[in-house]
Amino acid sequence: MAEAADFQGMSASPARRWLRRTGALLAGAPLLAGLAQLPAMPAAEAAPQTSPAAAASSGPVDVALDTVSPTVPTDGDTVTISGTVTNTRKQAVTDARVDLRVGSFLNSRTALDDVTKRTTYQQGVDGTRVGGKYVQEFSKLTTGVSQHFSISVPVKKLNLGSDGVYQLGVSVSGQTAAQPYEQVLGIQRTFLPWQSDEADTRTKTTYLWPLISTVHLTAETGSNEQQTPVFENDDLAKELSPGGRLDQMLSLGRDLDVTWVVDPDLLASVDAMRDSYEIKGANGTNTVGKNQAVAKAWLDKLEKTVQDKEVVSLPFADPDLASLAHNGKTVTGSLSHLKDATEVAADTVKTILHVTPSTDFAWPADGAIDPSIVKVATSAGADKVIARSDSLKETGGLPYTPSAARPIGGGTTAVVADARLSTAFEGDMTKADDSVLAVQGFLAQSLLINLQDPGNQRNIVVAPQRMPSASQAQTMAQALKDLQNSTWSDSQELSVAAKAKPDPEATTRVPSASAYPSALRKQQLPQAAFERTEEIQDKLDSFQVILSDSSRVVTPFGLAINRGMSTSWRGRAEEGQAFREGVQSYLQVLTGQVRLIEKSETKLSGRSATIPVTVQNNLVQGADHLLLRLTSKQPNRLKIGDGPYYEQQIKVSGGHSQSVKFTTNANANGPVTVVAQLYTEDNRPYGPAVTFDVDVNEVTPTVMLVIAGGVLLLVLAGFRMYTQRKRAAARKAEEDRELDEDDENAEDLNKAADGTVDTENTVTTDSHDGSTGDSASGAGTDAPEQPSDPTADTAPESTDPSGAGERVDR
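Now for a description of the structure that goes with this document. It should be emphasised that the depicted structure is a prediction, and the values quoted were computed from it without experimental measurement.

### Let's talk about the overall build of the protein
No. 1: On a plain count of helices and strands, the protein comes out with 20 helices and 30 strands.
No. 2: A total of 810 residues make up the protein; the buried ones form 45% of that total.
No. 3: Of all intrachain contacts in the protein linking residues separated by at least 6 positions in sequence, the fraction that spans at least 24 positions is 77%.
No. 4: With an accessible surface of roughly 40700 Å², the protein has 51% of that area assigned to carbon and sulfur atoms.

This is the structure we're talking about:
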């Protein structure tokens, strides 16, 4: 009863437990005294006594394995098993011993699964202990203290029979003060694959080695010529650094025969780190990244590694195919992004790694498929879908595991990965015990597949988790290395496995949508994610058409849209939503750099006037292909151009603004609402409209009188200037005539003095009318000349208005 309380959670007061234990000891004292007189049984032959409570418990002493070496023994080997035992109970364990137990031969994969699920020790089922010297003893196991053990035993001492998988247990036995007899207090089970000779037919095994990460790059880039990339954080550098997850994946995979499955987004992100890059700051201030050398070293090593290997490229950013099929297919335009992601994938891999990848494979999350997933997965050109056997389940009762390739209709091949092998390393592999058990279980499952139908060579595919941790990668590599050194398996590329002859008895029916696992459905991207993606795309479409160099915007935002649909957002809904919102917000900032300047109320005095509207461009590149439209809300009162609105094409250089003038005509007084709006050339509104009021004031009679008075003054001033100029010209002509007469009189006097008179040029002046005439020689008479007439070289006055800027002398 006391042990029941310890093991099964039963509770009792300390006083009651003390009374019960005291009573048990007193009652059992005579029995113990009698038993002490009996001859003792040899330790190797003594059968441990197990109480029902102990059998039902998980074991008060924890057994953890550190190593099983070799993982796949052959004749002549010595198997070494080491680990620790830890007493987790409140009482010390005395006379403890650690034994190896060889269980029964496991003849099926189901039998192996049953052993894995069992947690308690079962006498007879868990095998007999090897005994002899192959045991380690401890006089005492103190509570909470771990004790290390190591037992080495020749293979021949294990008494293994025919080739196959055997259960191998490590048990710890001992006694306590409450139960002073030997009992099994804990056990750990693993498996020992046993293949003494080369298998007649080897299984062809394909192992996918994924190089995939979460989203790291943002849509933001620098305004410089190189467009410096901006990262969400510097976590990618940690993964690439020595000991990091991606460093381990690359270093371990170099020595393995695997098919490399890469996400081009990871390659593009690492490539972006090789030059200058920035890290997004929490306060909006970016910091300079400093891990260029790490990125360059990793990428150089990867390029060298994959030159002679098969490389399969996923669509860019690894879009979530199941989410697209279930939640995004009805959102217009969503499937086009998958096509874009597929088209850019091959170019990205080829440019960075200088190898030509295969883009024929689609890989839904966890290999779970239904008809809609298959349809979406193949819509972008892939004709092979990597599924998993726990999704495409066997229904024909085959006694063996069939080959991976299955024709599922429409020219599509489902490459069905084995679920047990694919999920073997999904647990926490940081503890040595978990890692050892995973490796032994993986090898055991593989051997059992080969032994199911030894004469039937099959093609098995293993598709592990998309992003293994560093410890998971280490465990995977150890298991795969041991498998590739085994006597029953050969490595094979994925493309070869996909083309292998399908098993005619294997199921080819794709499960219905209702069969899709609910746990996976809960992790999917919601429909709102795809709706936001389309909002971003619509905004990008309107923005790119106005840019002089649209590639600076289309490329980073197009890739960011693909990243927003990534499978890596599964189980991280908030992070995914924040990323998409960030992309949309940044695009909004950029589009807002080309905008109309707000206007206050404008007053128009007169029936005709111009209204200026200013467009500002704060981008580093020019904005072109834009129309500026000015619209009157009351065209019967205020016309713009010849109608209710008028538009003009504009072009604004980067970092500049431009004012555009619109001619208006007013028909009545009062305020009129006017709307200024930018449009793209395909008549799509661009940016917010600017609305302002125009206060129209018609021309009044008083204003007309003032204007008429001004015109009259100008006419009078012009007439006065004309008369002044004419009088001045007349005075000058009179002065010239008088001078001429004085000269003639002087000449006549000189001639008279000489006694000569010129009768031909004699002029007679009439003092009354001032007329002049010629001599009587009959030569005719000229028109009389008036002193007030202008000189002969004065041009006639022009009646045309004065030219602009012409100066008029008074």
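### A few points about the sheet that holds strand E13 (residues 278–279)
No. 1: Judged by pairing direction, the sheet is mixed, and its four strands sit side by side in the order E10-E11-E13-E14 without closing on themselves. Two strands lie at the open edges of the sheet, namely strand E10 (217–221) and strand E14 (287–288), each paired on one side alone.
No. 2: In terms of strand pairing, strand E11 (residues 229–231) meets E13 through two bridges, oriented parallel. Across the sheet, the residue bridging to Val-230 is Glu-278, located in E13.
No. 3: Sitting on the sheet, helix H7 (residues 264–273) is in contact with E10 and E11, with an inclination near 110° to E11.

### Comments concerning the pairing of strand E29 (residues 670–680)
No. 1: Taking burial as the measure, the eleven residues of E29 include nine buried ones, the bulk of the element.
No. 2: Bridge count for strand E25 (residues 623–632) against E29 is seven bridges, and the pairing is antiparallel. Bridging across to E29, Leu-627 finds its partner in Tyr-679.
No. 3: Bridge count between E29 and strand E30 (residues 685–697): nine bridges; the pairing is antiparallel. Bridging across to E30, Val-675 finds its partner in Thr-691.
No. 4: With antiparallel pairing between neighbouring strands as the criterion, E29 and E30 make up a hairpin whose turn holds four residues, including Asn-683 at a positive phi of roughly 70°.

### A closer look at the nonpolar core
No. 1: By size, the foremost hydrophobic cluster in this structure holds 71 residues, and its most contacted members are Phe-543, Leu-628 and Leu-630.
No. 2: Residues contacting Leu-630, with those up to four places away along its chain left out, are Ile-611, Val-613, Ile-640, Pro-644, Tyr-645, Tyr-646, Phe-662, Val-674, Val-675, Ala-676 and Phe-692.
No. 3: Judged by nonpolar contacts, the second largest core, of 60 residues, contains Phe-191, Leu-211, Trp-260 and Leu-421.

### Comments concerning the environment of Ile-561
No. 1: Within the fold, Ile-561 resides in helix H18 (residues 551–563).
No. 2: Judged by relative accessible area, Ile-561 falls into the buried class, the value being 3%.
No. 3: For the pair formed by Ile-561 and Thr-533, sequence separation is 28 residues and the distance between their alpha carbons is 6.3 Å.
No. 4: Not counting the four nearest positions on each side in its chain, Ile-561 is found in contact with His-337, Thr-533, Ile-536, Gln-537 and Leu-540.

### Brief notes about the sheet that holds strand E27 (residues 645–652)
No. 1: Sheet architecture is open: five strands sit in the order E23-E30-E29-E25-E27, paired in mixed fashion. The strands lining the two open edges of the sheet, one partner per strand, are strand E23 (602–605) and E27. Taking the axes of each pair of neighbouring strands and ignoring which way they run, one obtains an average angle of 30° across the sheet.

### Some remarks on the environment of Arg-254
No. 1: Within the element layout of this structure, Arg-254 appears in the loop between helix H6 (245–253) and strand E12 (259–262).
No. 2: If we ignore the near neighbours within four places in the chain, the residues touching Arg-254 are Trp-260, Lys-301 and Thr-305.

### Notes on unusual backbone geometry
No. 1: Of the consecutive residues Ser-69 and Pro-70, the connecting peptide bond is found in the cis state with omega at -5°.
No. 2: Locating Pro-70 in the fold gives a position in the loop between strand E1 (61–69) and strand E2 (78–87).
No. 3: You will see that Asp-366, though not glycine, has its phi angle at about 55°, which is positive.
No. 4: Mapped onto the elements of the fold, Asp-366 is located in the loop between strand E16 (361–362) and helix H11 (371–377).

### A word on the pairing of strand E24 (residues 608–617)
No. 1: Bridge count between strand E22 (residues 594–596) and E24: three bridges; the pairing is antiparallel. Paired with Arg-595 across the strands is Gln-616, a residue of E24.
No. 2: Of the pairings in the sheet, the one linking E24 to strand E28 (residues 656–666) comprises ten bridges and is antiparallel in character. The residue bridging Ser-608 from the neighbouring strand is Asn-665, located in E28.

Procedures and definitions
Here the residue index of a chain counts from 1 through its sequence in written order. A pLDDT threshold of at least 70 governs which residues receive local features in this predicted model, and a stricter bar of 80 or more applies before side-chain atom pairs are shown or counted, although totals over entire chains, interfaces and linings include all residues. Side-chain measures here rest on the full set of heavy atoms in the structure, leaving out hydrogens and waters. Under the DSSP-based scheme used, a helix requires at least four consecutive residues in state H or I and a strand at least two consecutive residues in state E, with every element numbered from the N terminus. The classification of residues rests on relative accessible area computed with a 1.4 Å probe and restricted to protein chains. Under 20% of the type maximum is buried, over 50% is exposed, and intermediate values are partly exposed. Every residue pair with non-hydrogen atoms within 4.5 Å of one another is taken to be in contact. Method for areas: the Shrake-Rupley scheme with a 1.4 Å probe, in which residue coverage is limited to the protein chains shown. Pairing between strands requires that DSSP locate at least two bridges from one strand to the other. The axes used here are C-alpha line fits, helices contributing only the stretch in contact, and every angle between their N-to-C directions lies in the interval 0 to 180 degrees. Among buried residues, the Ala, Val, Leu, Ile, Met, Phe, Trp, Tyr and Cys ones that are joined through side-chain atoms within 4.5 Å form a nonpolar core.

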